[in-house]
Amino acid sequence: MSEKELGKKWDRCLADGVIKLGTGLGLGIVFSVLFFKRRTWPISLGSGAGLGMAYANCQNNLRSHYLQHRIEAVCFRTASCW
Amino acid sequence: MLGVCLRGAHATVRKNCVRSPLTPLQSYRCYSTSRSSGASRVVALGLVTVGGGVGGTLLYSKWDPKFRAAVEKNVPYSDWLLGLALGPAPEDARLPVRKQVELNQPPSMLDKPKTDPKAKSQKSVKEAAEASGPESSLVPPPPAQSIQDECKECHKHADVSETAAVASAEPLKERPVDEVTARLVQQDQEEEKLLASLSSRLEDSLASSAKATLQAIGAQEVALQAVTQHTRKLKDAMEAEAPSDEKSTQWKELEAALAERTAAVKDATTTLSKANEALEGLKSVINQAKGQKVAAARPLILAAEENLHQMVVDLDKVVSKVRSAESEAKVVSQYTELVNEAKQQFQREVSSLTPEIQANWKGLTGKLSVDDLNALIAHAHRRIDQLNRELAEQRVREQIHIEAALEQQKVEDHKVLDAAVTTAMGHVKEEARLNLEQKLAELREVMEAEMRTQLRRQAAAHTDHVRDVLKVQEQELRAEAEQVLNSKILDQETRYRQLTQEQLDNFTLDMNAAYARLKGIEEAIDSHAVAEETAREAHQLWLSVEALSYALKSAGADSPSMPLEDAAEAVRASCHDDFCSALASALPQESLQRGVYSEASLRARFNALRSLARRVALIDESRNSLYQYFLSYLQAALLFEDQQEAPPSQLSGADLDPFKLLSYASYCLEHGDLELAAKLVNQLRGEARRVVEDWLTEARLTLETRQVVSLLSAYANAAGLGTTQAP
């Protein structure tokens, strides 16, 4: 079901975002705790990195379909791809 | 008629008067009178001529039957008229002439059998009658016809010219062989009967006459014997010098012999008369037999005659013997009488001389005296003288006496000779006649034999000739008959061929017709069968298509229908043409294996999809970041369009907006037009398109399947409709 794909993507996005956010947060916290003397910037950095990664992932995920086409088209045009 | 003529004449007179009144009427009257008289004269003349013609015809037809026949043949109803006037047909005119002819014939000819030739002659008579005479003469009275038949038979013996003159139409027939043989047989039979009777009579008479003759002969012999004995005895008595006892016995014997002789002679005469009667009877019988002229009896007659002759001869011989014996006896008796007379005279003389001496003087030798002796001697001398004188006289008259005696004897001899000669002549004549008859008989036989041989020769020649002629005729007839036969056969053959050809043609036509019909029937049946088959197939197809469409309908709310494989298989199985099979194979694989979604489910799904498509309406290749996502989400939240909007017939550029498209599509969906909805949905681009891709394929699938199914069903319906017979 193609309509469910988006939902699945969003699910993944969310899940990924949550994970990444959490991981980033976690790592940030960890790093902040560990390395950066409970500053907030590694948490925010981590969460932000996490969120940003999630966002990028999500976007990439959502774009993947179009990029594939582009790559194919490029390949097709240049004929240098395998 | 005269009045009419007169009126006509007056009318013409009036007309003429009107035309030219100047001319005097008198002349017209004269003219009219002359005209009328002339007309009447003409009429009278005509009547006289006609009457004379008719009368002349009648008279002449009465006289000449041929003319009458010709008239009757040529002029219709003349036979009725002539019959009225003259009486029935001329067949009877021939009868009196034939009767005369018949009378000339011997009666034996009329006794011939009439039955066999009668039928033939009837036919020939009928033919002759039909050929020549009128119809009324076809039924002559039967006795006349029988007489006719007889007369016809008589014709064969009567003059041919007469018959030709009288009966020109009737042909002369040869008497059939059986008739001839019958006649001959009858003749033979009659002859045999006659012969039998004759022979019996002859035999009887012969026997009786023979008996009588034999009796007569016997009697004559007896008489002869008696006579001879008597004469002998007499002679002995006369000449012998015996003692008196013996003499008396002799005389007694003589008397006995005489009595015997007389009896025998009487007996002989009676038997002779009887024999003569019998012979006369035989003669009369023979004459009668001769009179009947039966050829076969001739030898019998001859034999009888010979016998008669023989008997007569014997009888005559015996009679002559008897007569001679009698004559001798007469002589002897005369002699004895003379002697007796002389003796008696002597006795008388002696007695006159010596009255005492007995007659028997020979024994008296011692009793006589001398006187007596002398007297006796003298007497004896006297007697001797007398006797000498008588002797001299006798000697003198000897010649005369001898001549007289001779004369007498001659006369007697003549008589006897005549008698003998006549009898001998008669006998000889008889003998000669008999010989002649015998010779005649032999000659006749010889002649008969010769005639037979000649006839045989003639017959042989005739048969040869006839055979030759017959051969020639046979050949000719055969050739003719063969020709006729051939021509007839040819005709028959051609006709037969024609008929057979016709028959064949008819048969062929019939056969062709039947064959054509059969063919037609077969074709009809085949076409019926084919039609039924096709109908069945169509039904089957329809059923399968119905099954398929039902299978289509089996789609649940969210689940696809059952896989259409089986139904499609069934459809494919019941497909018998390319179109159908092409259609059946045009079903998409997905629908076959997985089934298709129903429209309702698609509609429901679309409704769900719609919001999603609205949300991602902004996303496409170029805009596909998250921010765009957010923006499209915002757009979807903020933009309101009609839930359902009827799509226009032509989509313009502005209509390609996703929201519009979706509303159009949902409108279409709501109105059951999945195809248009799918088309509209197909116009979506970008992410919305990606989102509805599956739905679109499903819709496409469904649409395809539905299209195929509808085509199939239409086709099945069409096929089914096509196979149903028009009423």
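In the annotation of an unreviewed UniProt entry, the entry for chain B reads MICOS complex subunit MIC60, and the organism field reads Nothobranchius furzeri. Per UniProt, the comment on chain B under Function (unreviewed entry) is "Component of the MICOS complex, a large protein complex of the mitochondrial inner membrane that plays crucial roles in the maintenance of crista junctions, inner membrane architecture, and formation of contact sites to the outer membrane."

Looking at an unreviewed UniProt entry, one finds chain A named MICOS complex subunit MIC10, with Nothobranchius furzeri as its source organism. Under Subcellular location (unreviewed entry), UniProt gives the following word-for-word description of chain A: "Mitochondrion inner membrane". According to the UniProt record, the Subunit (unreviewed entry) comment for chain A reads "Component of the mitochondrial contact site and cristae organizing system (MICOS) complex."

Visitor: Looking at this model, I keep getting lost on the overall build of chain A. Mind explaining?
Guide: Along the backbone of chain A there are two helices and zero strands. With 82 residues in all, chain A has 26% of them scored as buried. In chain A, 50% of the contacts between residues at least 6 apart in sequence involve partners at least 24 apart. Total accessible area on chain A is roughly 5,700 Å²; 68% of this is exposed by carbon and sulfur atoms.

Visitor: Sorry, what's going on with the overall build of chain B here?
Guide: Scanning chain B for helices and strands turns up 21 helices and zero strands. Going through the 727 residues of chain B one by one, you find that 29% of them count as buried. If you take every contact in chain B between residues at least 6 apart in sequence, the share linking residues at least 24 apart comes to 70%. As displayed, chain B has an accessible area near 46,200 Å², and 58% of this comes from carbon and sulfur atoms.

Visitor: What is the right way to read the packing of aromatic side chains from this model?
Guide: Two aromatic rings are characterised by how far apart their centres lie and by the angle between their planes. One pass over the structure, following the stated rule, counts eight aromatic pairs over all chains. Ring plane angle 85° and centroid distance 5.9 Å describe the contact between A:Trp10 and B:Tyr633, whose orientation is recorded as edge-to-face. Taken together, the residues span two chains, with A:Trp10 in helix 1 (residues 2-34) and B:Tyr633 in helix 18 (residues 626-638). On the basis of relative accessibility, which here comes to 23%, the residue A:Trp10 falls in the partly exposed class. Judged by its relative accessible area of 26%, B:Tyr633 falls in the partly exposed class. When the ring of A:Phe31 is compared with that of A:Phe35, the centres are 4.8 Å apart and the planes differ by 35°; the resulting orientation is tilted.

Visitor: Explanation requested: the interface of chain B and chain A in the structure shown.
Guide: Interfaces are often sized by the amount of accessible area the parts lose when they come together. At the junction of the two partners, chain B supplies 22 residues and chain A supplies 15 residues. Roughly 1,600 Å² of surface becomes buried between chain B and chain A when both sides are summed, with 56% attributable to carbon and sulfur atoms. Of all residues in chain B, the largest losses of buried area upon contact with chain A belong to B:Asn624, B:Leu626 and B:Arg690, amounting jointly to 43% of the total for that side. Applying the counting rule to chain B against chain A returns one salt bridge. For the salt bridge of A:Glu5 with B:Arg690, the shortest nitrogen-to-oxygen distance reads 3.3 Å. Linking chain B with chain A are five residue pairs in polar contact (both at pLDDT 80 or more). Contributing elements (two or more residues each) for the side of chain B that touches chain A: helix 17 (599-615), helix 18 and helix 21 (686-723) of chain B. With eight residues, helix 21 of chain B is the largest single contributor of residues to the side of chain B that touches chain A. Taken together, the residues that form the side of chain B that touches chain A break down as 12 nonpolar, three polar and seven charged.

Visitor: What should I look at first to understand the pattern of salt bridges in this one?
Guide: Side chains that carry opposite charge are capable of pairing whenever their charged atoms lie near each other. Residue and element names in this part refer to chain B. Taken as a whole, this structure holds 19 salt bridges over all chains when the rule is applied. Here Arg68 and Glu72 are joined by a salt bridge, their closest N and O atoms 2.9 Å apart. Separated by four residues within a single helix, Arg68 and Glu72 lie in helix 3 (residues 65-74), roughly one turn from each other. Here Arg68 matches Glu72 in class, with each residue buried. Close ionic contact of Arg689 with Glu693 constitutes a salt bridge, the shortest N to O distance being 3.4 Å.

Visitor: Looking at this model, I keep getting lost on unusual backbone geometry. Mind explaining?
Guide: Residues and elements named next belong to chain B. With a phi angle near 65°, Tyr77 is a residue other than glycine that sits in the positive phi range. Within the element layout of this structure, Tyr77 appears in the loop between helix 3 and helix 4 (78-86). Taking the relative accessible area as the measure of exposure, Tyr77 reaches 71% and is therefore exposed.

Visitor: How do you make sense of the UniProt feature "coiled-coil region" (unreviewed entry) in chain B when you look at a structure like this?
Guide: This chain's UniProt record puts "coiled-coil region" (unreviewed entry) on residues 370-397 of chain B. Secondary structure within residues 370-397 of chain B divides into 100% helix and 0% strand; the distance between the first and last C-alpha atoms comes to 38 Å.

Visitor: How do you make sense of the state of the cysteines when you look at a structure like this?
Guide: When the sulfur atoms of two cysteines share a covalent bond, that bond is a disulfide. Residue and element names in this part refer to chain A. Under the criterion given, the structure shown has one disulfide over all chains. Residue Cys13 pairs covalently with Cys58 via a disulfide, S to S 1.5 Å. Its S-S torsion of about 110° marks the bond between Cys13 and Cys58 as right-handed, since a negative value means left-handed. With Cys13 in helix 1 and Cys58 in helix 2 (residues 41-78), this residue pair connects regions lying 45 residues apart in the sequence. What makes Cys13 buried here is its relative accessible area of 8%.

Visitor: Help me out: how do you make sense of the confidence of the model for chain B in this one?
Guide: Should the pLDDT be low somewhere, the predicted coordinates at that spot are not to be read in detail. When pLDDT is averaged along chain B, the result is 76, and 79% of the positions lie at 70 or above. Interface scoring of the predicted complex returns ipTM 0.84; its pTM is 0.39.

Visitor: Mind showing me how you'd approach the nonpolar core here?
Guide: A general feature of soluble globular proteins is that nonpolar side chains tend to end up buried together. In this structure, B:Val681 and B:Trp695 are the most contacted members of the largest nonpolar core, which totals 34 residues. Those elements that provide at least two residues to this core are helix 1 and helix 2 of chain A together with helix 17, helix 18, helix 19 (658-670), helix 20 (674-682) and helix 21 of chain B. Per-element accounting of this core gives the leading share, seven residues, to helix 21 of chain B. Counting 32 residues, the second-largest nonpolar core is a separate cluster that includes B:Leu206, B:Leu282, B:Ile286 and B:Leu315.

Visitor: Before we go on, may I ask you to explain the UniProt feature "transmembrane region" (unreviewed entry) in chain A in this structure?
Guide: Under the present numbering, the feature "transmembrane region" (unreviewed entry) in UniProt falls on residues 18-36 of chain A. For the annotated span residues 18-36 of chain A, helix accounts for 89% and strand for 0% of the residues, and the straight-line distance between the end C-alpha atoms is 23 Å.

Visitor: Help me understand the environment of B:Tyr597, please; the structure alone is not making it clear to me.
Guide: Mapping B:Tyr597 onto the fold places it in the loop between helix 16 (589-593) and helix 17. Taking the C-alpha atoms as reference, B:Tyr597 lies 9.4 Å from B:Met562; in sequence the two are 35 residues apart. When residues no more than four places from it in sequence are discounted, the contact partners of B:Tyr597 are A:Met1, B:Ala555, B:Asp558, B:Ser559, B:Pro560, B:Leu602, B:Arg605, B:Glu698 and B:Thr702.

Visitor: Mind showing me how you'd approach helix 17 of chain B here?
Guide: Residue and element names in this part refer to chain B. For helix 17, which comprises 17 residues, the first-to-last C-alpha distance of 24 Å matches the rise-based estimate of 24 Å (1.5 Å per residue) to within 8%. At Leu609, helix 17 shows its maximal bend, which comes to roughly 30°. Turning to helix 17, its buried residues number three or more, namely Glu599, Ser601, Leu602, Arg605, Phe606, Leu609, Arg610, Leu612, Ala613 and Arg614.

Rules used in this analysis
All chains use their own residue numbering, which begins from 1 and follows the written sequence. Chains carry letters from A onward and ligands carry numbers from 1 onward, assigned in written order. It should be noted that, the model being predicted, local features are given only for residues of pLDDT at least 70 and side-chain atom pairs only at 80 or more, the latter also being counted only at that level, while totals for whole chains, interfaces and linings use all residues. To get the side-chain values, take all heavy atoms of the structure and skip hydrogens and water. UniProt positions are given in the numbering used here, feature names are shortened, and annotations may be inferred rather than shown by experiment. Counting from the N terminus, the helices are DSSP H or I runs at least four residues long and the strands are E runs at least two residues long. When a residue's accessible area, from a 1.4 Å probe over protein chains only, is under 20% of the maximum for its type it is buried; when over 50% it is exposed; and in between it is partly exposed. It only takes one pair of heavy atoms within 4.5 Å for two residues to be counted as in contact. Accessible surface is estimated by sampling points in the Shrake-Rupley manner with a 1.4 Å probe; for residues, cover comes only from the protein chains shown. Pairs were defined over the aromatic rings of Phe, Tyr and Trp, the Trp ring being its six-membered one, requiring ring centres within 6.5 Å. Orientation was assigned from the angle between planes: stacked under 30 degrees, edge-to-face over 60, tilted for the rest. A quick way to say it: buried area is the sum, across both parts, of accessible area lost when two parts are put together, with a 1.4 Å probe. Any carboxyl oxygen of Asp or Glu within 4 Å of a side-chain nitrogen of Lys or Arg constitutes a salt bridge here. Throughout this description, a polar contact denotes any pair of N or O atoms lying within 3.5 Å of each other; where both atoms belong to protein, one of them has to be capable of donating a hydrogen while the other can accept it, and for residues adjacent in sequence the pair is counted only when both atoms sit in side chains. When residues are grouped by polarity, Ala, Val, Leu, Ile, Met, Phe, Trp, Tyr, Cys and Pro land in nonpolar, Asp, Glu, Lys and Arg in charged, and all others, Gly among them, in polar. Any two cysteine sulfur atoms within 2.5 Å of one another count as a disulfide. Every residue carries a pLDDT, the predictor's confidence in it, which falls somewhere between 0 and 100. To define a nonpolar core, start from buried Ala, Val, Leu, Ile, Met, Phe, Trp, Tyr and Cys residues and group those joined through side-chain atoms within 4.5 Å. One fewer than the residue count of a helix, multiplied by 1.5 Å, yields its expected span. In this scheme, the bend at a residue equals the angle between the axes fitted to the seven residues that finish there and the seven that begin there.

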